[in-house]
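So you can see what is in the structure, the chains are spelled out below.
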Amino acid sequence: MNLILLGPPGAGKGTQAKKMIDALQIPQISTGDILRAAVKGGTAMGIEAKKYMDAGQLVPDSVVIGIIDDRLKEDDCVKGFILDGFPRTVDQAASLADMLEKGGRKIDHVVSIEVPDGDLLARLTGRWMCTCGASFHKIFNPSKVDEVCDLCGANLYQRDDDKEAAIKVRLENYHNQTAPLIDFYNSRSLLRSIPGTGSPDDIYTAIMAVID
Ligand code: AMP
């Protein structure tokens, strides 16, 4: 099953993708995670991408399309994949369709997780992450010990782009550049919209129902 999780920053795409991996036995592919790993590793791509990411801007299409093209050729994607944070522009979506077609593959479902802007700012400013992939929230999902991961005990950190100024840019970019993908996929009969305002378990149940 080849899936795309679509939604604004803070909609819970990463949280849901992690819940889906076990049930579906297919990998999560997050361009944000891949880019953050490149930044941490100090690669040429990471150094270039960091400028955009810290400002809340999108990294150029050519960079992320190259990342996805390479990643989808890996063996663990043979049975399917969950794209989280890609595509984010219509050009990225068109490139994705081309690269899948070349390999005789296609997208099965695009799950759009809908959350009003008013909720997103609070969600993102309170978000604390762990390098193990876990994610917490100061108010909605606090860790047992402040700023320490419940799962692995490491210190939690806040993403540089979860600061208010960058969040505003990210939401603006979402509306201008990514939201048009809702029509793009709706016109191809691939869009499955679900409300992203309930508990993570409720949202997970809704996702599994629309991709059944
Ligand atoms: P995310 O973890 O998905 O919120 O992504 C963090 C940041 O990485 C974004 O704000 C962008 O700067 C960059 N990024 C991730 N995915 C993409 C993409 N598909 N296109 C462009 N930039 C991206």
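See the structure printed just above.
Heads up: these notes are all about the structure in this document.

About the cut-offs
- Residues numbered from 1 in each chain as written.
- Predicted model: local features only at pLDDT ≥ 70, side-chain atom pairs only at ≥ 80, totals over all residues.
- Heavy atoms only, no water.
- Near = heavy atom within 4 Å.
- Polar contact = N/O pair within 3.5 Å; in protein donor to acceptor, adjacent residues only side chain to side chain.
- Areas by Shrake-Rupley, 256 points an atom, 1.4 Å probe, with all protein chains shown as cover.
- Helix = DSSP H or I, 4+ residues; strand = E, 2+ residues; numbered from the N terminus.
- Nonpolar A, V, L, I, M, F, W, Y, C, P; charged D, E, K, R; others polar.
- Contact = heavy atoms within 4.5 Å.
- Core = buried A, V, L, I, M, F, W, Y, C linked by side-chain atoms within 4.5 Å.
- Buried < 20%, exposed > 50% of the residue type's maximum accessible area, 1.4 Å probe, protein only.
- Salt bridge = Lys/Arg side-chain N within 4 Å of Asp/Glu carboxyl O.
- Arc of directions from axis to C-beta.
- Expected span 1.5 Å × (residues − 1).

Quick look at the site of the ligand
- Taken together, 16 residues lie around the ligand, and T31, R36, Q57, G85 and Q92 are the ones closest in.
- Separating a nitrogen atom of the ligand from a side-chain N or O atom of T31 is a distance of 2.8 Å.
- Isolated, the ligand exposes 480 Å² of accessible area, and the fraction of that covered by the protein chains is 96%.
- With four residues, the single largest contributor to the shell around the ligand is helix α2 (residues 31-41).
- Of the residues contributing to the shell around the ligand, the split by class is six nonpolar, five polar and five charged.

Things to note about the side chain of H109
- Relative to the helices and strands, H109 is located in strand β4 (residues 109-114).
- Engagement of the side chain of H109 in a polar contact is seen with the side chain of R192, the distance being 2.8 Å.
- With sequence-adjacent residues up to four places away left out, H109 is seen in contact with M1, N2, L3, I4, L190, R192, V210 and I211.

Topic: the nonpolar core
- In this structure, L72, L96 and Y185 are the most contacted members of the largest nonpolar core, which totals 27 residues.
- Where this core is concerned, the elements lending two or more residues are β1 (2-6), α3 (44-54), α4 (61-71), β3 (81-84), α5 (90-102) and α8 (180-186).
- Non-local contacts of L96, meaning those with residues more than four positions away in its chain, are made with I4, I68, L72, L83, F86, P87, I107 and Y185.
- By size, the runner-up hydrophobic cluster in this structure holds 18 residues, among which are A11, A17, L124 and I211.

Notes on the pattern of salt bridges
- For the structure shown, the criterion picks out 16 salt bridges.
- A network of salt bridges, in which partner residues are shared, links R127, R159, D161, D162 and R170.

Some remarks on α4
- For α4, every residue scored as buried is listed here: V64, I65, I67, I68 and R71. End-on, the buried residues of α4 take up no more than an arc of 155 degrees, which puts them together on one face. Turned more than 90 degrees from where α4 packs its buried face, S62 and D70 sit exposed.
- In the core, the buried residues of α4 are packed alongside β2 (28-30), α2, α3, β3 and α5.

A few points about the environment of D33
- In this structure, D33 sits in helix α2.
- For the pair D33 and V148, spaced 115 residues apart in sequence, the C-alpha separation works out to 20 Å.
- Every residue in contact with D33, bar those within four places of it in the chain, is listed here: K18 and Q28.

Description of helix α7 (residues 164-178)
- With 15 residues, α7 should reach 21 Å at 1.5 Å per residue; the first-to-last C-alpha distance of 20 Å fits that figure.
- Of the residues making up α7, those classed as buried are A166, I167, R170, L171, N173, Y174 and T178. With its buried residues spanning 165 degrees around the axis, α7 presents them on a single face. Structural note: α7 exposes A165, E172 and N176 on the side pointing more than 90 degrees away from its buried face.
- Of the surrounding elements, those touching the buried residues of α7 are β1, α3, α6 (117-125), β5 (127-129) and α8.

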